[in-house]
Structure formats: structure tokens, C-alpha cells
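Notes for the structure review
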Amino acid sequence: MALPYVVREGLANVRRAPFAAFASTSAMVVSLVLIGVFVFLSLYLRTVSDYVGNRLGEVEVYLDPGLDSLSARALAARSATLPGVVNARFISEAEARAEFQQEFGESVEEGVLPTSIRLRLNPEYANPDSLQRLASRLQGYRGVDEVEYDEDFVGKVQRNLRLLNTAGLGIVLLVVSAALFLVANTIRLTVYARRLLIRTMKLVGATDRFIRRPFLVEGMVQGGIAGVVAALVLGALLAGVQTWSPTLFTNRLYNMLPLAIALVLGLFLGWIGTYIALRRFIRNVALH
Amino acid sequence: MIELRNVSLAYPLPDDSMRSVLDGASVTVRKGEHVYLVGPSGSGKSSLLRLLYADARPSRGLVQVGEFRSDTLKDDEIPFLRRTLGIVFQDFQLLPDRSVMENVAFPLYVTGKSGAGVKRAVMAALVRVGLGHKPQRFPHELSGGEQQRVAIARAIVADPWILLADEPTGNLDPAVADEIVGLLLTLHRQGMTLVVATHDYRTVQKHPARTLALYRNKIVEIDPKTL
């Protein structure tokens, strides 16, 4: 005998009841595609969040008008060592004027604009508390005139991003629970259709664990198939979206991750869904 | 040995009242005995058998089957009790999508046996019930009597010490019923303890043996000739 009884039975069950297997596999495919889409969106939401975080994590440190260029550069180097600072760039008066002209379309007289150090922060530090701490530290340095960042806006955007991230996670959890509920109920129907088999197994002295095993193998086979199908569907969806907008969704890892999750989650969903469906059922099947 | 000591059994009815099946019933069946359990439909014969294979638990008293006692039997030990019994029902309870061979091999597979030993044991059981020539058939290709023979082969394949038969001839015509009873008696003569629940009094009178009747929720010993 090449395969152990439980594996043979598990595979044979798929063959014996193809419609039941099709029903539960389809339920899993739908669930996995939904989960994959949400994982995909959540990942790209993180990209948006990092992008906005990067933009927010900019602090402009205006320097005293009398400070010489050498001291200003030394101050910039010192600022770069502060926690959360990714880089610090000295903006000379000439550069400040060029930027002004680019932004407002008008030139400004020499000696009016202050020199500054522009700090770029790690996105994790782009929150009101960290920024306030950093600002007060910078304020204490000699040669610093004023530290500027958009306090209100930073707070507001951070709150919204946090809300979006939490909502994304909540939706994924909701979809996972709904998928589990759907799969467990579909499997429960297919198990119910085979109560005669369970009754006979109990009659001849099979333990509950033994009865459960072929069903778990069957569930995992269906989950694996569902995972592959869901990954193919997700791949096709992604290809469709990329054709429509080639510049969006270019991160390879983010594009592959939902597919991998669908495959692994398929196996897990098949196993846990069957386990939940069978939990009390076997015990409640009467022999006569 | 089977022993029921002061056993009571009651079922809850849909209106929350209880229906008593046994009330302080006692009986002992020794190893190797042949016993009929008689009584009209609904008198509790099947319920008594269910107590023996632990599909029901006594509400009071003690049921002992071999070394298994109802007062100490845990749920996860029930399969091990059932492996020491062979059980046959009126409706055969064969798996329709499996061959005769697979049906009979089932008790061996579920106890973790595999390989050539299973095939040998299955063929031996089929030969004992006179179906050694039909191992590849499916239940729907067999007559009622043949299906019951397969059920008996399945019940004895793992060498139980006792065979519980719940109305084994209830679905069969008299000629076929006689053959099945003949087969059960042969197994008994080979050493099997046999408990047959039946309301077929013709069979009891034709092949008399110790007869227990369920009467007013008690088990009483009767003379089969009086049936």
C-alpha cells in the first residue's frame, strides 16, 4: 500500500463527492481572492502612508543672519546625528532665493532670505510628539533662529493615516473571519452529506481523531487547489490593472505577497475550516 | 461477560418530559452464550443494545461489557469498547460507494491495520459468511440477504468476542432470514457470544435459546415456547 489510509481516503473523498468538493473549493477561492485584494490594497496603502510620512517629516531650521557658512555647515552635520534625522542639508541664501523664484515666480533681493538647514526625518518620527522634541532640542543650539514645521497638518495627517491603516487591518480581519465562517459552513454541509460514513466509522471503533483525519486531508487538498486558483485570479487581476496603469503597482514584493498569502492561507483555511466544521459533529452522529 | 446491574435508562421527549425505557433492570450474559432479546417494537430492545455499545449511557446503575464499565468509561475509550464487539443492524448500514471488500476491511483500516494481513482477514471473513466469490461487487449489486452477510463479515472481521444483532432479519423474506439465522448460529457454535434482538418469534421458536423479554421496563427471562 503506497499511501497511508487517511491520505488515500482524503483524496478519494474529493473524487467521490466532486460537487461538494467544488462547492467548498469555490467558497475558498472567493474568500482568498477577497483577502488577496485587501492585502494588496493594504500594502499599497502603506506605501502612500510612507510617502506622505516622508513629505511631512521635513523640518526647516532657520539660522541667525550673522552665522557664517562654515558654522552653518557644522551645525547641519551636527543636526544629522540627531535621532530620527535621515539627512540634513544646508540651504545657502542663494539656494533659498532660487527656490523662492521657482515657487513664486518672482526674484527676491539678496540678503532678505535667511539661510537654513533642511532636515528629512524617518517617517516614524513624523508625528507631533517627536517633532516637538526635536524642535525644542534644535532651538537650544547656538546660531538657530527658528525651527519650523507644520504642526497641525502633521497631527491631522498622522491621525488619518493611522485610521486608514487600522481600518485596512480591520477589513482584512473581517474578510478572514467571514471566509472562515463561509468555508466552515460549506464544509459542514459536505460533511453532513457523509454522516453515514462517519456513523459506520464510529460503529466499527474509529476514534474521533481518526475519523477527522481524512476530512482534514481533504480540506487541505481543496484549500491548496483553492489557493492556486486564487493566486492565478489575483495574478490576472494585477496584470489587468497594470495594463490599465503601468506606473502604478510596480513594487514586485507587494505584487507577489498577496499571491503567496493566498496559497498558504488556502491550506490553512481548508484545515481550520474542516476542523471547525467537524468539532462537535462527529460526537453528535448517532449510530442508530 | 455482559452485566447490567440495576440499570435505568430514560430519554427526554420534545415536551421536556422523560420516557423511561429501563427501570432497575438487571441481567448477566456469559461469554459464549446465545441470547434472544424479545419484545414488541418500541419496547426498548435497541436501546438496551445501544447501552452495550455505549451509544447511550445509563441514567442509573452499571453496564459492564467485558472489561469496560459504564461508570468509569471515558468518551475517548468508547471506540476501544466497540472494537471488541461486532454489531449488525436491520438496515445493513453498508457504505454504498465501496466494494464488498472495502466495506469488510473498514474496521481493520480504522484500527490502523494495513497491508496483506487486511486482505487475508477480509477474505477469511467473506468465506465464513459464504461470499468469498464476490469481493469486488458493490452493495447495490447484491441481494438483501447478501448485503446482510457482508454486514456480518464486517462485524466479525476484527475477531470480536461478541456479536450484537439488532433485528438482523427484519428486512428479509423468511427463506433468506433462515439462512442468516443459520449463519449466526454457526458463528455461535464456533465460540461467538451472540445477542440477537428480534420480534421474529418464529425464529426464536425454531432455534430456541435463552430468551430475555423486556417487560414493563424490566428484563425478564421467559421460556421461548410460550411466545
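Since this is a predicted model, take the numbers as computed values, not measurements.

In this section: the pairing of strand E3 (residues 34-38) of chain B. Residue and element names in this part refer to chain B. The buried fraction of E3 is high, at five of five residues. One ladder, built from five bridges, connects E3 with strand E8 (residues 193-198); its direction is parallel. In the strand pairing of E8, valine 38 is matched with threonine 198.

The next point concerns empty space enclosed by the protein. Tallied over the full model, the rule gives five cavities of 30 Å³ or more. In terms of lining residues, the largest cavity is bounded by A:Leu203, A:Val204, B:Arg82, B:Arg83, B:Leu85, B:Gly86, B:Ile87, B:Pro107, B:Arg154, B:Ala155 and B:Ala158. In terms of residue count, the dominant contributor to the lining of the largest cavity is strand E6 (residues 85-89) of chain B (three residues). Grouping the constituent residues of the lining of the largest cavity by class yields seven nonpolar, one polar and three charged. Taken as a whole, the second largest cavity encloses approximately 90 Å³ of empty space. Along the walls of the second largest cavity sit 13 residues, with B:Leu51, B:Ala54, B:Ser70, B:Leu73 and B:Leu81 positioned nearest its centre. Every element with two or more residues in the lining of the second largest cavity is listed here: helix H1 (45-52), strand E4 (60-65) and strand E5 (68-69) of chain B. For the lining of the second largest cavity, the residue count by class is 10 nonpolar, one polar and two charged.

So, about the packing of helix H5 (residues 144-156) of chain B against helix H6 (residues 174-189) of chain B. All names here are of chain B. Two elements in contact, H5 and H6, have axes whose closest approach is 10 Å; the angle formed by their N-to-C orientations is 15°. Comparing the axis directions of H5 and H6 gives the class roughly parallel. Between H5 and H6 the crossing geometry is right-handed. Every residue of H6 that contacts H5 at Gly145, Gln148, Arg149, Ile152 and Ile156 is listed here: Val176, Glu179, Ile180, Leu183, Leu184 and Leu187.

All names here are of chain A. Taken together, the side chains of Met220, Leu267, Phe268, Trp271 and Tyr275 present a nonpolar region at the surface, about 440 Å² in accessible area. The leading source of residues in the nonpolar patch is helix H9 (residues 252-278), at four residues. Locating phenylalanine 268 in the fold gives a position in helix H9.

With that out of the way, let us pick up the pattern of salt bridges. Evaluated as defined, the whole model comprises 22 salt bridges over all chains. The salt bridge involving B:Glu146 is made with B:Lys134; its shortest N-O contact spans 2.5 Å. Of the two residues, B:Glu146 sits in helix H5 while B:Lys134 sits in the loop between helix H4 (116-128) and H5, which places them 12 residues apart along the sequence. Take B:Lys134: its relative accessible area is 14%, and that puts it in the buried class. B:Glu179 is the partner of B:Arg149 in a salt bridge, and the nearest nitrogen-oxygen pair spans 3.2 Å. Highlighted residues: B:Arg149 in helix H5 and B:Glu179 in helix H6, separated in sequence by 30 residues. One salt-bridge network, held together by shared partners, links A:Asp208, A:Arg283, B:Arg57 and B:Asp75.

Our focus in this paragraph is the interface of chain B and chain A. The interface of chain B with chain A comprises 24 residues on the first partner and 22 residues on the second. At the boundary of chain B with chain A, total buried surface from both sides reaches about 2200 Å², with 62% on carbon and sulfur atoms. Linking chain B to chain A there are one salt bridge. One salt bridge connects A:Arg283 with B:Asp75, and the closest N-O pair in it is separated by 3.9 Å. Summed over the shared surface of chain B and chain A, the result is five residue pairs in polar contact (both at pLDDT 80 or more). For the side of chain B that touches chain A, the elements supplying multiple residues, two or more each, are helix H2 (78-82), E6 and helix H3 (100-110) of chain B. Per element, the largest residue contribution to the side of chain B that touches chain A is four residues, and it comes from H3(B).

Between the first and last C-alpha of H5(B) there are 19 Å, a value that for 13 residues agrees with the 18 Å anticipated at 1.5 Å per step. For H5(B), the buried fraction is high: 12 of the 13 residues fall into the buried class. Among the residues of H5(B), those classed as buried are B:Gly145, B:Glu146, B:Gln147, B:Gln148, B:Arg149, B:Val150, B:Ala151, B:Ile152, B:Ala153, B:Arg154, B:Ala155 and B:Ile156. Tucked inside the fold, the buried residues of H5(B) contact helix H7 (195-203) of chain A together with E6, H3, H4, strand E7 (162-166) and H6 of chain B.

Analysis parameters
- Residues numbered from 1 in each chain as written.
- Chains lettered and ligands numbered in written order.
- Predicted model: local features only at pLDDT ≥ 70, side-chain atom pairs only at ≥ 80, totals over all residues.
- Heavy atoms only, no water.
- Buried < 20%, exposed > 50% of the residue type's maximum accessible area, 1.4 Å probe, protein only.
- Helix = DSSP H or I, 4+ residues; strand = E, 2+ residues; numbered from the N terminus.
- Pairing = 2+ DSSP bridges.
- 1 Å grid on protein atoms, 1.4 Å probe; cavity = no way out; pocket = protein on both sides within 12 Å on 5 of 7 lines; lining within 4 Å.
- Points joined across faces, edges and corners; volume = space filled by probe spheres on them.
- Nonpolar A, V, L, I, M, F, W, Y, C, P; charged D, E, K, R; others polar.
- Axes fitted to C-alpha atoms, helices over the stretch in contact; angles between N-to-C directions.
- Parallel < 35°, antiparallel > 145°, perpendicular 65-115°, else oblique.
- Left-handed = near helix turned anticlockwise from the far one by under 90°.
- Contact = heavy atoms within 4.5 Å.
- Patch = residues over 30% accessible without salt bridge, like charges linked within 9 Å, V, L, I, M, F, W, Y side chains within 5 Å.
- Areas by Shrake-Rupley, 256 points an atom, 1.4 Å probe, with all protein chains shown as cover.
- Salt bridge = Lys/Arg side-chain N within 4 Å of Asp/Glu carboxyl O.
- Buried area = accessible area lost by both parts, 1.4 Å probe.
- Polar contact = N/O pair within 3.5 Å; in protein donor to acceptor, adjacent residues only side chain to side chain.
- Expected span 1.5 Å × (residues − 1).

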